[in-house]
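This is what each chain is made of:
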Amino acid sequence: MEQEIEIMTEIKSETTQVVTPAVRGAIAMQLNNVAVAFHGRVAVRDCTFDVAKNRVTSLIGPSGSGKTTLLRALNRLHDLTPGAKVSGQISLEGTDIYRGNLTVTELRTRVGMVFQRPNPFPTMSIYDNVVSGLRFNGIKKKALLDESAEASLRSAALWDSVSSRLKVAASNLSGGEQQRLCIARALALDPEVLLMDEPTSALDPIATLHIEELMKTLKSRVTVVIVTHNMQQAARISDDCAFLLMGEDRAGELIEFDTTEKIFNNPDDSRTLDYTLGRFG
Amino acid sequence: MSVDQIPNAGLLEYEAVMVGDKPTVTSRTWYHWLLLTAVILFAAVSVGFVGTIFWSSFPTWAHHGFTLLTGKGWVSPDGPFGGLAMITGTLETSLIALVIAVIIGLGTAISIVFFIPRRFRTVVATLVELLAAIPSVVYGLWGLLVIAPWMEVTVNPWLNSWPFAKGIFGSPGQEFGTSLLLASVVLGIMILPTFVAISREVIAVVPQDLMEASLSLGATRWQMIRQVVLPTAKIGLLGATFLALARATGETVAVALVAGSVANAQFHLLYPGTSIAAWIATEFGESQGKEISALMALGVLLMLVNVCLALISRALVNRQRRILAKV
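Because the structure is predicted, anything quoted here is derived from the model rather than measured.

Caption draft 1: Region of interest: the overall build of chain A. Helix and strand content of chain A: eleven helices and ten strands. Over its C-alpha atoms, taken along the principal directions, chain A stretches across nearly 55 × 45 × 30 Å. Burial status across chain A gives 48% buried among its 281 residues.

Caption draft 2: Up close: the overall build of chain B. A tally of helices and strands in chain B yields 13 helices and zero strands. In sequence order, chain B lays out its α and β elements as α-α-α-α-α-α-α-α-α-α-α-α-α. Split into buried and exposed, the 327 residues of chain B put 40% on the buried side.

Caption draft 3: Main features of the sheet that holds strand β10 (residues 252-259) of chain A. Residue and element names in this part refer to chain A. Ordered by their spatial adjacency, ten strands build an open sheet running β5-β4-β1-β2-β10-β9-β3-β8-β7-β6, and the pairing between neighbours is mixed. With one partner strand each, in any of the chains shown, β5 (95-96) and β6 (111-114) form the two edges of the open sheet. In terms of strand pairing, strand β1 (residues 27-38) meets strand β2 (residues 41-52) through eight bridges, oriented antiparallel. If you follow Ile27 over to β2, its bridge partner there is Ala52.

Caption draft 4: Expanded view of the packing of helix α8 (residues 180-204) of chain B against helix α10 (residues 221-250) of chain B. All names here are of chain B. Interhelical geometry of α8 versus α10 gives an angle of 150° and a closest axis separation of 8 Å. In terms of their interaxial angle, α8 and α10 are classed as roughly antiparallel. Here the hand of the crossing between α8 and α10 comes out right-handed. Contacts between α8 and α10 involve Leu187, Ile191, Thr194, Phe195, Ile198, Ser199, Val202 and Ile203 on the former and, on the latter, Val229, Ala233, Gly236, Leu237, Gly239, Ala240, Thr241, Leu243, Ala244, Arg247 and Ala248. The class makeup of the residues in the contact of α8 with α10 is 13 nonpolar, five polar and one charged.

Caption draft 5: Structural context of the environment of B:Ser199. Residues and elements named next belong to chain B. Take Ser199: it is sitting in helix α8. C-alpha of Ser199 to C-alpha of Ala125: the two residues are 74 residues apart in sequence and 11 Å apart in space. Filtering out sequence-adjacent residues up to four positions away, Ser199 remains in contact with Gly105, Leu106, Ala109, Leu237 and Ala240.

Caption draft 6: How the structure looks around the interface of chain A and chain B. Opposite the 21 residues of chain A that make contact, chain B presents 19 residues. Among the elements of the structure, α3 (104-110), β6 and α4 (126-136) of chain A are those that each provide at least two residues to the side of chain A that touches chain B.

Caption draft 7: Looking closely at the confidence of the model for chain B. All names here are of chain B. Overall, the prediction assigns chain B a mean pLDDT of 85, with 90% of residues at 70 or greater. Across chain B, α10 holds the top mean pLDDT of 95, while helix α1 (residues 11-19) sits lowest at 46. In the predicted structure, residues 1-6 sits below a pLDDT of 50 and forms four contacts with residues beyond four places in sequence or in another chain.

Caption draft 8: Representation of the domain arrangement of chain B. Residue and element names in this part refer to chain B. Taken domain by domain, chain B holds domain 1 (3-63) and domain 2 (67-326). Each of domain 1 and domain 2 has a C-alpha centre, and these two points are 34 Å apart. Taken together, the residues of the side of domain 1 that touches domain 2 sort by class into four nonpolar, three polar and one charged.

Caption draft 9: The pairing of strand β3 (residues 56-60) of chain A, seen in detail. All names here are of chain A. With five of five residues buried, β3 is to be regarded as a mostly interior element. Side chains Val56, Ser58 and Ile60 of β3 all project onto a buried face; the interleaved residues Thr57 and Leu59 project onto the opposite face, where all are buried too. Pairing of β3 with strand β8 (residues 223-227), which is carried by four bridges, proceeds in the parallel orientation. In the strand pairing of β8, Ser58 is matched with Ile226. Bridging between β3 and strand β9 (residues 240-246) involves four bridges; their strand directions are parallel. Across the sheet, Ile60 pairs through a bridge with Phe243, a residue of β9.

The rules behind these values
Counting starts from 1 at the beginning of each chain's written sequence and moves along it residue by residue. The naming scheme follows written order: chains are lettered A onward, ligands numbered 1 onward. The model is predicted, so local features are restricted to residues of pLDDT at least 70 and side-chain atom pairs to those at 80 or more, both for listing and for counting; the totals for chains, interfaces and linings are taken over all residues. Strands are runs of DSSP state E lasting at least 2 residues, helices are runs of H or I lasting at least 4, and numbering of each runs from the N terminus. Counting other C-beta atoms within 10 Å of each residue's C-beta, where C-beta atoms are placed from the backbone, gives the exposure class: buried for 20 or more, exposed for 12 or fewer, partly exposed between. DSSP calls a pair of strands paired once it identifies at least 2 bridges connecting them. Where helices are involved, their axes are fitted lines through C-alpha atoms of the stretch in contact, as for all axes, and angles between N-to-C directions lie from 0 to 180°. In this scheme, roughly parallel covers angles under 35 degrees and roughly antiparallel covers those over 145, while 65 to 115 is roughly perpendicular and the rest are oblique. In this scheme, a crossing is called left-handed if the near helix is turned counterclockwise away from the far one by less than a right angle; it is called right-handed if the turn is clockwise. Residue pairs qualify as contacts under a 7 Å threshold applied to their C-beta atoms, which are placed from the backbone. Three residue categories are used. Nonpolar comprises Ala, Val, Leu, Ile, Met, Phe, Trp, Tyr, Cys and Pro, charged comprises Asp, Glu, Lys and Arg, and polar comprises the others, including Gly. For every residue, the predictor assigns a confidence score, pLDDT, that lies between 0 and 100. Domain start and stop points were drawn from an automatic or database domain assignment.

Written as structure tokens, this is what we have:
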């Protein structure tokens, strides 16, 4: 453990400039006192922080702290769950995503999602998977789809290995490739924000490394919000970090939000320090 | 590892693992012999059942051969016995019934899974499935007393107002209103619960995260259903279709009541006709000698077809399960 912490610090110390939340630049999404409840039972609450543009924001915390629940509120996936209620305010580029002038389908094309388990559509080919989002949104022109498919697969570092077999069923790919396909599928819509719910938890270490490398390159074009169980991963890849913890009444709450550098080296809250040092969780 | 993949370890394998290389059955008590007797009895009855039917039908296959499949007339009691009317009647009624059941049933199954509020979902699903428990003679009576008059007044004239309708449907106005079309409609309603029950299950097990993935790409609910859920469930839905078809081809009493029991090989759907199962039921009472054998031969045909349909259905539903296990 001692050694791991050292490594983490080492990685983070490569960042030359200490960036405080105040000077992080443009804001992609704003969360203001966000809470999610299911049938009146609060699952996560008190979440107020800004997701900065072109940075990777990680949500960390032990099981049950409401990380995934919070993430799913950001593209309104809770709309499907009977009894789910999201309160507070979440805005995308200044527009309230629940009450503002933004349809849910439009929101989801602007805020994409990658899931825990690689989940390409099993009945579709690699190509059809990548362009499925465009097709859902009414784009039929083949030239446009072809162009987007290639660009998205290149962005997901998958083009070289699949360009010769685009018509093959997506289920023939390995787990890591499938997850990259899911990333390409989300990127095809050119979203502003990409939500990732423990995207590497079902993958082997090598595939995990590939996805992490990918995230670092992706943030130049898309803002990433990632839920992770893996603290080292959060330290390696994220710029900002939100630490959530389950409260006394079993509802998750935001304990601290800051740059990853500060969360892992010099947090304000002692619970954050205990968690990042692996004293619990 | 899903439940399906867990090897079906019987008692003997278990003991073999526990004791050593060779299975050692330690105690053969009375229930061991009771179970063995039950199994042997069951096997004997099954073999005897299938065997006697094949045996009794043998004279017809030997003497008439394939004219049973292609012959047009059915003359009691000495023949010739032609099964074409029954075979075409079975095909026509079953396929039309299948079209009715698949269209209404798919809509019902999708609604139950996606559109009916959770509270009422179980109630609606149970009600639909209870329809399967209604005895078929009741469906037959209802078809004859309620649907037949309605079709005579409303549906048949409307059908005949189409161009070329006479060629397809024939003239309406048969006595009692019995017809192949009426049989198809009643059959369609009868096989609906089977189709809905299986297709609902097949649709309900499509993984949640596939649906969420499509919604996260900006799909509407309807696009999600049409482009992700139904294609993913396609093989299982085909299995449901085959099982519904097996129900339709095997249905007897209701068809016997509403089809009209006329052994005419024709395609005019508003004329009376019959199916293999219905013909066996209506003719058996008065048959003797050669005719019994001919009816048995029809029975063999029906049995083989239905066993095949049921096997295909089962294979498809299993394949769907394996596909989803991999997803």
